[in-house]
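Architecture at a glance
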Amino acid sequence: MRVVFIVLVLLRFQHVNSASKGVIASLQAKWDMTPLLLETSEFIREDGDEKFWQFVDTVKELTVYKNGESVRSYYNLIIKKAGQFLTDLQVNLLKLSLSLRTYSPAVHAFQQIASDEPPPDGCSAFTVVHGQKACSTKDMKKLLKTAAGRPRPYLYKSDHQYPGLNETDLPVAVLYAEIGTKEFNTFHKVLSERAQEGKLIYVLRHFVSEPKNERMLLSGYGVELAIKNTEYKAVDDTQVKESKSVSTDKEDENDEVQGFLFGKLKKSHPELQGELGELRKHLLESTNDMTPLKVWELQDLSFQAASRIMTVPKFDSLKLMQDLSQNFPSRARSLTRVAVNQNMKKEIEDNQKRLSESMGIHPGDASLFINGIHVDLDIHNPFSILDILRGEAKILEGLHNLGIRGSSISKFLHLPTSTTVEDSYALDIRHSSIMWVNDIEKDSMYRHWPSSLQELLRATFPGVIRQIRRNFFNLVLLLDPTQEESVELVKLAELFYKHNIPLRIGFVLVVSVDDKVDGYLDAGVALFRMLNYISEEYDEAQAFTSMVSIYNRVEVGETLSVNTITAYLKKKFPKANAAKILGVDSSYDDNRKAGGVFYRKSGLGALPVGLFNGVPLSSEEMDPEELETVLLQRIMETTNFFQRSVFMGQITESGDVVDFLMEQANVVPRINPLILSSERRYLDFTASPVADDWDDTTMFSYLDSRDKTAVVSKRMKYLTRDEEEMLYGVTVWVVADIEQPSGRQLLRNALKHMKSSSSSCRVGVINNPIGKPTEDNSGLYRALWASLLTQSNKNTLDFTLKLLKEENVELFKQGTKIKHLLKQGMDHDAFEKKFNTMELDFLHSQQKFCKEVLKLKAGHGAVVSNGRILGLLVEEDFGLEDFHLLEKITLRSSAEKIKSKIKQMNLNAQKASDLIMKVDALLTASPKGESRKDVKFLKDKHSVLQLAQREDEVFYDVVAIVDPLTRDAQKLAPLLAVLGQVVNMKVQVFMNCRAKLSEMPLKSFYQYVLEPDVSFFGNNSISPGPMARFTEIPESPLLTLNMITPESWMVEAVRSPYDLDNIHLQEVSGVVKAEYELEYLLLEGHCFDLSTGQPPRGLQFTLGMRQKPLMHDTIVMANLGYFQLKANPGAWILRLREGRSEDIYQIQAHDGTDSPVEAGNVIVVLNSFHSKIIKVRVQKKADKLNEDLLSEETESKGIWDSITSVWSSLEKRASSR
């Protein structure tokens, strides 16, 4: 007992002694602390401008509580106010974002923009009206009167623009103020009223007149204390084994460890030999945890760590993984005593084999999946992970609100929805109107070519076009024969034909469809009839040759004429009867109208148009000078597609290549840019409003957009084809003014489509009249609605189609009673009662919905398909083919799959159809990234740590695969621990251990700086922020401190009395404090010369503001045109440096910037901690084409100047590092 007591005393003394030493590292921003209220507003803005302005109105003068309350109470008040607009899950994500200071750069960016104005003296808030400033509303009103004569200000994408009219002739007032202050409220009241009245455009930018001069500590990074590699090595036990065995007895004779003479103790107490040996071993290890391990002790360390983690209570397991990985050098020896669970080891090996085969994840690799989304730990950081969590929260809560709960959510999340099936859509080219010139598979000129698909897989030199007897490549040219552009295109087609390029060529001649027009009146008709004659009497090849010959006779700048055709016909076919071929009674006029019908139905743009394998070529690509290159490039790209298809067995030798092409997912019946556009807007159906009545317009107007949408979707009635209730995959809302002919036509087209056998949709109707609805101007819509409320499906549809006929509309407007237009079989009494007692309030509510949610002007039409809004221009026609295309695209991209899942839920048909619409809108509106992975383990009893989620709440499904003794584990364990405090998670962590380690897996101590919420001191004052604290570190090793931050951060140590590359705690009294600063956020880019496609080596850029144009500069590197600029949050102007760069080059285009492509100044806004990468394309000025950027400087300098220049540039580069 006495021995044990002394040991305990010694251990306690050692702990106290070592606790006073350690290392603390912190990282602060270079800019001042930003107010949490402003950061909160930026967080809410991510959910839309509507919520942002509602929040701003709620916190108008919140800062008055700042002085009266403690900092903690004020913070809680901000969270409470934000909670009015956020769910509980979003509030937790808000707290994490405030802890990370995620939106501090966004707030400071506005502060920097304000400093560039600059702010007037003594103004705590001010407005800028077209370049002039005002510190009071009175002065502002004066400036607004004269604003029209001054240029409008530049508005940034991140600006907060008050909802209202966005007309170009309205004055723009930019308010710089701090929301929540009295000064802000004074301006806001006036500006918001005028914006609502449509008198001005009101823009808000954050501005704090007196920023707190307090440092703001950042988080979201790692800190490493690396052991210098001379200090820590494994010992090869083969070299120490012999000497150890010889000296054991001698050591034990007078062996003293921490004052205990173990030799004498063992002689005095031989019965305690075993216990004394264990005590000696413990004391040795506790005094020197850093003793090198033998190689055989290293082999199973990873499995031993996993065994230890899997045996502790589950709620301690992540904490233990964090401790073992982050303090591994101190914990390594204790792990060597852990027995490996053999069942676990076998299970790990089985799972590893499966993961390697199915996902390419090998032993020791790390992967993190959040709801199946792969999160690469080398690329992602807490800021980007927060973005993922936020995006997923919207989907998870949306599905939860729609009644999809638990494991069902995962099934919907993993549905492969896509907004665009392919990058490019194609038309079906198996059409009778196409006149094919050649057929690679049948024509004799290609008979010597091999026909096997396997030829595609045969190795060839790069760039060689394979000559295979299959119609792999098809070009269809839609031409008006009388257009000047047609001449060159026909000649180019001949070039491909003559040079045996494996390209099947077809023509669609779009000519006059007027029966009265014959070949003597119209050159297009004449050519069409002549080609038909030659094809029938000879063959298509001869017809094409004749076509080329005719166009060769057309002079440059001229167009095809009837005389040219008749002269050719007379010369080449003297026996032919020209009158019978070209005249009124021509028998060679078959299919003349087919080309025009195909062209009009296809929805293609202006002629001429080309289709490569059905995919339309752009007008730029149709330029004859470009088309040759474009077609060869397309042939090479399509070859890769076919190679893949053959290799995967998707196409067989017996299959028809063209049929295979036309069965691909990107083939559509019509090209309509409005429907096929990738820029899409969706309704949000996920709200559950307290009031769900649209008959009270006042109550309806108070609802936000989501609630208005939910009310409309709940009250909507549908026109359907079938009498019995059916499950509909597509729900179409037709938004139109039914009182106008264009509105009636739109609804007629929708109903005709719905009645077709191929349709699986139902149609709802929303009224959007030009004027205010009254009884006089809403009769047709009220009649339609009365029918929907009182009649059967069939009667309602028949009555609506009758009502929409223009002759019946005319009768109704002339005073015919609606009852005289009712059809037989309808319930007349019920209809008349409903029609005569119908209030107009719901029409006013619908009009508000159109204006405020659909963003439509009065009288404008729209089509909403499963929540996707397609706004139509007044003159825009949306025909039967368009409705067919829209339904096909909606079903194929998502609705079909969603329908099959909802069918399994056994809901009644109407509820199920509603749910398909709502789920489709939710899933397709979410941003698309990589497809979600469904990670499954073969066995999970011994090797997978499983932490269950809280029941009946929205939860994230998190799967982590990690070796517990790796750098990834050092990051992943604390990350999962913090996220577990922020969101409800179902966690699976697979121990992906490496076997037979031969060296130490980790040679450093590590801390991950991340907290779930803003922290406060005991006196309720806010703590400066999180920091890395290393406390239990051995004193003997020599350590190097490294900051492991996101890629775009440039940090440097600003305060520390110690050499942070050589920390030796034995020589330090107390704690080593290291203070770092985020000096710059890097702006990265790539630059290319448009003319050469090469990087303009030596080109220089500068970055600055209007007041200070040159603040930072850089040079474009020769490799990949890479450049790098140092900056901080704000709006920056990128220019070519004055001198030779600006003299020789000019900026032509740019991507990833914040200014329009054609803008003269390139504006780049840095307003987040994420990396910003831009692309700049430059071109030499017309009079400088032969000048070299570097030549003049090189020639003018002497050798000494060159040496000096090289030396100074090296110095600069070293200092920037």
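Residues numbered from 1 in each chain as written. Predicted model: local features only at pLDDT ≥ 70, side-chain atom pairs only at ≥ 80, totals over all residues. Heavy atoms only, no water.

**A closer look at the sheet that holds strand 24 (residues 944-947)**
Just so we agree on the cut-off: Pairing between strands requires that DSSP locate at least two bridges from one strand to the other. Under the scheme used here, helices are H or I runs from DSSP no shorter than 4 residues and strands are E runs no shorter than 2 residues, and both carry numbers assigned from the N terminus. Axis lines are fitted to C-alpha atoms, over the contacting stretch for helices. Their N-to-C directions set the angle, which ranges from 0 to 180 degrees. When checking whether two residues touch, look at their non-hydrogen atoms; a contact exists if any pair is within 4.5 Å.
Taken in spatial order, the five strands line up as 11-10-25-26-24 in an open sheet, and their pairing is mixed. On the outer flanks of this sheet lie strand 11 (373-375) and strand 24, each paired with one strand and no other. Averaged over all pairs of adjacent strands, the angle between their axes in this sheet comes to 15°, without regard to strand direction. Both strand 25 (residues 956-962) and strand 26 (residues 985-991) contribute to a ladder of seven bridges, which runs parallel. Note that in strand 26 the partner of Tyr956 across the bridge is Met985. The strands touched by helix 17 (residues 342-359) are strand 10 (367-370), strand 24, strand 25 and strand 26; relative to strand 26, the strand with the most contacts, the crossing angle is about 105°.

**Details of the state of the cysteines**
Selection criterion: By convention in this document, the label disulfide applies to cysteine sulfur atom pairs within 2.5 Å. With a 1.4 Å probe rolled over the protein chains alone, any residue whose accessible area is under 20% of its type maximum counts as buried; one over 50% counts as exposed, and the rest are partly exposed.
The tally for this structure, following the rule as stated, stands at one disulfide. Residue Cys123 pairs covalently with Cys135 via a disulfide, S to S 1.5 Å. Every disulfide takes its handedness from the sign of the S-S torsion; for Cys123 and Cys135 that torsion is 105°, giving right-handed. Of this pair, Cys123 sits in the loop between helix 7 (104-115) and strand 2 (126-129) while Cys135 is found in the loop between strand 3 (132-134) and helix 8 (137-145), placing the two residues 12 residues apart along the sequence. Overall, the relative accessible area of 11% leaves Cys123 in the buried class. Considering cysteine sulfurs only, Cys761 is the nearest to Cys850, which forms no disulfide, with 19 Å between them.

**As for a negative patch on the surface**
Heads up, the condition is: Here, patches come from residues exposed beyond 30% relative accessible area and free of salt bridges, joined within 9 Å for like charges and within 5 Å for nonpolar side chains (Val, Leu, Ile, Met, Phe, Trp, Tyr). With residues, only the protein chains shown are counted as cover, and all accessible areas are computed by Shrake-Rupley using a 1.4 Å probe. By salt bridge we mean one thing: a side-chain nitrogen of Lys or Arg within 4 Å of a carboxyl oxygen of Asp or Glu. Just so you know, the count uses Lys and Arg for positive and Asp and Glu for negative, and it drops His and the chain ends. By convention, the point assigned to a charge is CZ for Arg, NZ for Lys, CD for Glu and CG for Asp.
Judged by side-chain charge, Glu484, Glu485, Glu488, Glu555, Glu558, Asp623, Glu625 and Glu626 come together as a negatively charged surface patch. Of all the secondary-structure elements, those providing two or more residues to the negative patch are helix 20 (485-498) and helix 26 (624-647). Residue placement: Glu488 occurs in helix 20. On the basis of relative accessible area, Glu488 is assigned to the partly exposed category, the value being 40%.

**Some words on the pattern of salt bridges**
What the rule picks out here adds up to 40 salt bridges. With a shortest N-O distance of 3.0 Å, Glu1079 and Lys30 are connected by a salt bridge. Here the residue Glu1079 occupies a position in strand 32 (residues 1071-1089), and Lys30 occupies one in the loop between strand 1 (22-29) and helix 2 (36-45), the gap between them amounting to 1049 residues. Among the residues examined, Lys30 registers a relative accessible area of 37% and is labelled partly exposed. Linking Glu621 and Arg634 is a salt bridge whose minimum nitrogen-to-oxygen distance equals 3.1 Å. Within this pair, whereas Glu621 is found in the loop between strand 17 (615-616) and helix 26, its partner Arg634 is found in helix 26, the two being separated by 13 residues in sequence. Pair check on accessibility: Glu621 and Arg634 agree, each one buried. A cluster of three or more residues bridged by salt bridges with shared partners is formed by Asp47, Lys51 and Arg390.

**Focus: the nonpolar core**
Applicable threshold: For this analysis, a nonpolar core means a set of buried residues of the types Ala, Val, Leu, Ile, Met, Phe, Trp, Tyr and Cys, connected via side-chain atoms within 4.5 Å.
Judged by nonpolar contacts, the single largest core of 165 residues is most densely connected at Leu93, Tyr202, Leu368, Val919, Tyr956, Val989 and Leu1041. Per-element tally for this core: the top contributor is helix 18 (residues 382-401), with nine residues. Apart from residues no more than four positions distant in its own chain, Leu368 is found in contact with Ile373, His374, Val375, Leu377, Val958, Val959, Ala960, Leu972, Leu975 and Leu976. Ala523, Phe528, Leu747 and Ala921 belong to the second-largest nonpolar core, a separate cluster that totals 160 residues.

**Comments concerning the environment of Val864**
Residue position: Val864 is located in strand 22 (residues 862-865). Overall, the relative accessible area of 1% leaves Val864 in the buried class. Between the C-alpha atoms of Val864 and Thr796, which are 68 residues apart in sequence, the distance is 21 Å. When near neighbours in sequence (up to four residues on either side) are disregarded, Val864 contacts Leu683, Thr731, Val732, Trp733, Val735, Leu854 and Ile869.

**Considering a positive patch on the surface**
A cluster of basic residues, Lys138, Lys141, Lys142 and Lys145, forms a positive patch at the surface. Looking at where Lys138 falls in the secondary structure, it is placed in helix 8. A relative accessible area of 60% means that Lys138 is categorised as exposed.

**Brief notes about the sheet that holds strand 34 (residues 1112-1115)**
As summarised here, the arrangement of the four strands in space is 34-33-36-38, forming an open sheet in which the pairing is antiparallel. This sheet does not close on itself; its edge strands, each paired only once, are strand 34 and strand 38 (1162-1166). Ignoring strand direction, the axes of neighbouring strands in this sheet form an average angle of 25°. Direction of pairing for strand 33 (residues 1100-1104) relative to strand 34: antiparallel, over a ladder of four bridges. From the neighbouring strand, Thr1102 faces strand 34, where its bridge partner is Asp1113. This element, helix 7, spans strand 36 (1130-1136) and strand 38 of the sheet and lies at about 65° to strand 36.

**Comments concerning the pairing of strand 6 (residues 201-206)**
With six of its six residues buried, strand 6 lies for the most part within the structure. Direction of pairing for strand 4 (residues 160-161) relative to strand 6: antiparallel, over a ladder of two bridges. If you follow Gln161 over to strand 6, its bridge partner there is Val203. Pairing between strand 5 (residues 172-177) and strand 6: six bridges, direction parallel. Bridging from a neighbouring strand, Val172 pairs with Ile201 of strand 6.

**Looking at the pairing of strand 1**
The buried fraction of strand 1 is high, at eight of eight residues. Neither face of strand 1 is left uncovered, since the one carrying Gly22, Ile24, Ser26 and Gln28 and the one carrying Val23, Ala25, Leu27 and Ala29 both have all their residues buried. As paired elements, strand 1 and strand 32 share eight bridges and run parallel to each other. Counted as the bridge partner of Ile24 is Lys1073 from strand 32. For strand 1 and strand 28 (residues 1028-1030), the ladder comprises three bridges, and the chain directions are antiparallel. Along strand 28, the bridge assignment pairs Ala25 with Ala1028.

**With respect to the environment of Glu953**
Its location among the elements puts Glu953 in the loop between strand 24 and strand 25. When the C-alpha positions of Glu953 and His400 are compared, they lie 8.5 Å apart, and in sequence the two are 553 residues distant.

**Details of a nonpolar patch on the surface**
A cluster of nonpolar side chains, namely Leu457, Phe647 and Met648, defines an oily patch on the protein surface of about 360 Å² accessible area. By the element assignment, Leu457 lies in the loop between strand 13 (435-436) and strand 14 (474-479).

**Points about the confidence of the model for the chain**
Rule in force here: Within a predicted model, pLDDT stands for the predictor's per-residue confidence, ranging from 0 to 100.
Taken over all residues, the pLDDT of the chain has a mean of 84, while the share at 70 or more is 91%. pLDDT under 50 marks residues 231-254. Its contacts with residues more than four places away, or in other chains, come to 28 contacts. Note on residues 1193-1217: pLDDT under 50 across the span, and five contacts to partners over four residues away in sequence or across chains.

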